[in-house]
Each structure stands twice: as C-alpha cells, then as structure tokens.
Amino acid sequence: MTMTRLPLVAAAIAFLVSPAMAGDTLDRVTSSGTLTMSSDPEYPPQSFLNDANEMDGFDVDVGKEIAKRLGVELKIVTPAWEVITAGGWAGRWDMSVGSMTPTASRAEVLSFPAVYYYTPASFAVHTDSSAATLADLDGKVIGTCGGCTYDAYLNKDLVIDAEGAPPFEYQVTAGEIRTYETDTNAFDDLRLGDGVRVDAVFSALPTIQEAIKNGYPMKVVGDPAFYEPLSVATDKGDAEFDEKIAEVVGAMHEDGTLTALSEKWYGVDLTTAE
C-alpha cells in the first residue's frame, strides 16, 4: 500500500489571537519548567495506564518528546474529553495530545498548531456476527464515543476542515447510535455477544486492533470509513506558544521521530495519509 506524504501545515485551522493573552502559556511553561498535557487513561494504544500504573502510549510518547524539545518536564492530567474539547482551560493544562481531529466547531474555542498523524476510522463487529460489508451495518445498533468524530460521522454531520484531509462519504446509516464515555466501554458491550447490547462499534482502527490483541472477540468490517488528521490542540489566545509547538512537531516530522513512534505503537507509519 502506497502512502502519499501530505504537506505539513503550521496550523491545521486558522484562529484569532487575543493580544492580551499572547505569550502567557509559553511564559508559564518556560518559567515553571513544566508542560502540562491532558490525556485519556483508557485509550490504548494512544494513551493508557500501563502495568506500572504510569501513563503510556503513542500520544504520551509524543507529548514527552515535545516537552523534551522545549527543555521542560511533562505533567499529565486526565480531564473528561468533553471538558478538553470545550476549551476555556484557564491554565489547568497547556496542550492536548489526545488524537483530536481539528474541526470548525472545535476551532471556535481551540487552536490546532500541528497535525502529527492520521488514523483510519473503522467499524468492528463481534466475531459471531455475519456482517461482512459496511452495507450490512445499515439499521444496526452501533456504539461509539460520545461527542467525538465517530459520533458525528454516524449522525452524518462530520466536518473535517484540516488541510490535506482525505475526502469521505457516509457509507453507514445506523438504526440506533449508542454513545459511551470511552471506546473501551463500547468494546465491553460488544464483547457480551453479537447484538446483545450493540451490533457494531465505530472507533480508530489502531484502538480496535489493540482491543483484539488483548482478547476482545471482535473483527473489522470493510475498509476505513474515513481518515482523520489528528492534531495537537491548545487553548485559544497564545500565538507564540502555538508557533513553538508547530516548530517542534514540524521538526519531529522531518527528522523521522514521529514515524519511529508510530511504527513502535502501530507497526505502520500513520504520519502520512492515503
């Protein structure tokens, strides 16, 4: 499979900057010597608590590398996803490296200084399911994370505005959309049996593959529904901080660091998109 490298962008979504706040985040990070990152403790292999009760995963490694290149320590906090995407962080954390898709609605309250990888969004069913194509999922009960891009896709109101995002079509019409706080919760319902609570789940392909590797009785159906660019997110208002993050992530693309981390966690280079 040939992957085509897309041009890196300094900002995935254009944003307005409040001069009164310019530099505040960057100043706080450099003066405190700490970069605080929001993350999810139940989103393997992107981010999760490992056997040593420490945060681990692809997103965590990316965050650690950003902090290292800024010359500061990384601190991780785990607020709810809805709180992160709502913006107005008030300095409680400085950035989100949480596999967030930059969209127009999110760009009203957040900035997206750097896309760092792309991930395929896929459907999975229980291994006992007879579903073999995406068309077989029409009218079914589908579980997914609430308030995320997969939820938006199923509601047919997903808008991905980032530069270089591959086009997509709505290929599945759910009979019922069942939303969950985390992808793992959706997988837990699917593992109870085909159609017991849900007929299928919709999530990031690497997350589904990780669950299958960990014993979940699931199988992927069809090709990915769409590929989403995933970006570092920051609270609006600090152009200097955003420029610094874009510079650091750009260098990580150029020197192969992001490719190496992607291959470590996913076994494939997801820093490019088809």
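Residues numbered from 1 in each chain as written. Predicted model: local features only at pLDDT ≥ 70, side-chain atom pairs only at ≥ 80, totals over all residues. Heavy atoms only, no water.

Colleague: If you had to explain the overall build of the protein to someone new, which residues and values would you point to?
Modeller: Of regular secondary structure, the protein possesses eight helices and 11 strands. For 274 residues, the compact-globule formula gives about 19 Å, and the C-alpha radius of gyration of the protein, at 18 Å, lands near that figure. In terms of its C-alpha atoms, the protein occupies a principal-axis envelope of roughly 55 × 40 × 35 Å. The buried share among the 274 residues of the protein stands at 54%. Considering only contacts in the protein between residues 6 or more positions apart, those separated by 24 or more positions represent 76%. Accessible surface computed for the protein: about 11,600 Å², of which carbon and sulfur atoms make up 49%. Side-chain charges in the protein split into 18 positive and 43 negative, and the spacing between the mean points of these groups amounts to 3 Å. (Helix = DSSP H or I, 4+ residues; strand = E, 2+ residues; numbered from the N terminus. Rg over C-alpha atoms; globule rule 2.2 N^0.38 Å. Buried < 20%, exposed > 50% of the residue type's maximum accessible area, 1.4 Å probe, protein only. Contact = heavy atoms within 4.5 Å. Areas by Shrake-Rupley, 256 points an atom, 1.4 Å probe, with all protein chains shown as cover. Lys, Arg positive; Asp, Glu negative; His and termini not counted. Charge placed at Lys NZ, Arg CZ, Asp CG, Glu CD.)

Colleague: Please provide a residue-by-residue account of the packing of aromatic side chains, values included.
Modeller: Summed over the entire model, instances satisfying the criterion amount to 19 aromatic pairs. Summarising the aromatic geometry, the rings of Phe58 and Tyr266 are spaced 5.2 Å apart at their centres and angled 55° between planes, so their arrangement reads as tilted. Placement of the pair is Phe58 in helix α2 (residues 58-70) and Tyr266 in helix α8 (residues 257-266), with a sequence separation of 208 residues. With respect to burial, Phe58 and Tyr266 carry one shared label: buried. Here the aromatic residues Phe123, Tyr150, Tyr153, Phe168, Tyr170, Phe202 and Phe226 are joined through ring pairs into a cluster of three or more. (Phe/Tyr/Trp six-rings, centres within 6.5 Å; stacked < 30°, edge-to-face > 60°.)

Colleague: I'd like a description of the sheet that holds strand β3 (residues 47-49), backed by residues and values.
Modeller: Pairing is antiparallel across the open sheet formed by three strands, whose spatial order is β2-β3-β4. Here the strands that pair on one side only, and so sit at the sheet edges, are β2 (42-43) and β4 (55-56). Note: β2 against β3, two bridges, orientation antiparallel. Bridge pairing in β3 places Tyr43 opposite Ser47. (Pairing = 2+ DSSP bridges.)

Colleague: Explain the pattern of salt bridges residue by residue, including any values.
Modeller: Evaluated as defined, the whole model comprises nine salt bridges. In this structure, Arg69 engages Glu65 in a salt bridge whose closest nitrogen and oxygen atoms are separated by 2.7 Å. Note that Arg69 and Glu65 are positioned in helix α2 at a spacing of four residues, about one turn of the helix. For Arg197, the salt bridge goes to Asp189, with nearest N and O atoms at 2.8 Å. Residue class for Arg197 comes out partly exposed when judged on its relative accessible area of 43%. When its relative accessible area of 11% is taken as the criterion, Asp189 is described as buried. Connected through salt bridges with shared partners, the residues Glu65, Arg69 and Asp255 form a single ionic network. (Salt bridge = Lys/Arg side-chain N within 4 Å of Asp/Glu carboxyl O.)

Colleague: Can you tell me about the state of the cysteines, naming the residues and giving the values?
Modeller: Here the structure, examined in full by the defined rule, presents one disulfide. Note on cysteine connectivity: Cys145 is disulfide-linked to Cys148, with sulfurs 2.0 Å apart. On the sign convention where negative is left-handed, the bridge of Cys145 and Cys148, at about 95° about the S-S bond, is right-handed. Overall, Cys148 belongs to the buried group, its relative accessible area being 9%. (Disulfide = S-S within 2.5 Å.)

Colleague: Tell me what's going on with the environment of Ala225, and back it up with residues and numbers.
Modeller: By the secondary structure assignment, Ala225 is in strand β11 (residues 218-235). Spatially, the C-alpha atoms of Ala225 and Pro120 are 7.3 Å apart, while their sequence positions differ by 105 residues. Residue contacts for Ala225: discarding those within four places in its chain leaves Ala121, Phe123, Tyr153, Phe168, Glu169, Gln171 and Phe202.

Colleague: Can you tell me about unusual backbone geometry, naming the residues and giving the values?
Modeller: Between Pro44 and the following residue, Pro45, the backbone shows a cis peptide bond with an omega angle of 5°. Along the chain, Pro45 turns up in the loop between β2 and β3. A positive phi is found at Asn53, a non-glycine position, where the angle reads about 60°. If you trace the backbone, Asn53 turns up in the loop between β3 and β4.

Colleague: Kindly report on helix α5 (residues 183-190), identifying the contributing residues and their values.
Modeller: The buried fraction of α5 amounts to six of the eight residues, a majority that puts the element mostly inside the structure. Among the residues making up α5, those that are buried are Asp183, Thr184, Ala186, Phe187, Asp189 and Leu190.

Colleague: Describe the packing of α2 against α8, and please don't skip the residues or the numbers.
Modeller: Contact pair α2 / α8: the axes reach a minimum separation of 10 Å and the direction vectors enclose 155°. Put simply, α2 runs roughly antiparallel to α8. Between α2 and α8 lies a crossing of right-handed hand. From α2, Phe58, Asp61, Val62, Glu65 and Arg69 reach across to α8, where they touch Thr257, Leu258, Leu261, Ser262, Lys264, Trp265 and Tyr266. In the contact of α2 with α8, the residues fall into six nonpolar, two polar and four charged. (Axes fitted to C-alpha atoms, helices over the stretch in contact; angles between N-to-C directions. Parallel < 35°, antiparallel > 145°, perpendicular 65-115°, else oblique. Left-handed = near helix turned anticlockwise from the far one by under 90°. Nonpolar A, V, L, I, M, F, W, Y, C, P; charged D, E, K, R; others polar.)

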